[in-house]
Amino acid sequence: GEAPGFSEMLSQTLEQTVDATRTGEKAMLGSASGKAELVDVVTAVANAETTLETVVAIRDRVISAYQDIMRMPI
């Protein structure tokens, strides 16, 4: 099969970020109502943070690559 395109990979990563963030929010709401364990909340928030850091790193690389391309003589 063909390797996934860059835009496809980026959209998948963004979807994962949204999912991780929602999971973190649900866990926080659950803990507020006393239904979730504190460990679950901490884990969900940490997962959301890690996913967000990944997206930011990818974005920074995309911007860097774009800037490199723009500097190339044509």
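What comes next is a walk through the structure.

Moving on, we get to the environment of leucine 10. Along the chain, leucine 10 turns up in helix H1 (residues 6-32). A residue is classified by how much of its surface remains accessible, and leucine 10, at 26% relative accessible area, is partly exposed. For leucine 10 and valine 55, which are 45 residues apart along the polypeptide, the C-alpha to C-alpha distance reads 8.1 Å.

Our focus in this paragraph is the environment of leucine 52. Along the polypeptide, leucine 52 turns up in helix H2 (residues 38-71). Under the relative-accessibility criterion, leucine 52 is labelled partly exposed at 46%. For the pair leucine 52 and threonine 21, spaced 31 residues apart in sequence, the C-alpha to C-alpha distance is 8.6 Å.

Each value, and the rule that gives it
Residues numbered from 1 in each chain as written. Predicted model: local features only at pLDDT ≥ 70, side-chain atom pairs only at ≥ 80, totals over all residues. Heavy atoms only, no water. Helix = DSSP H or I, 4+ residues; strand = E, 2+ residues; numbered from the N terminus. Buried < 20%, exposed > 50% of the residue type's maximum accessible area, 1.4 Å probe, protein only.

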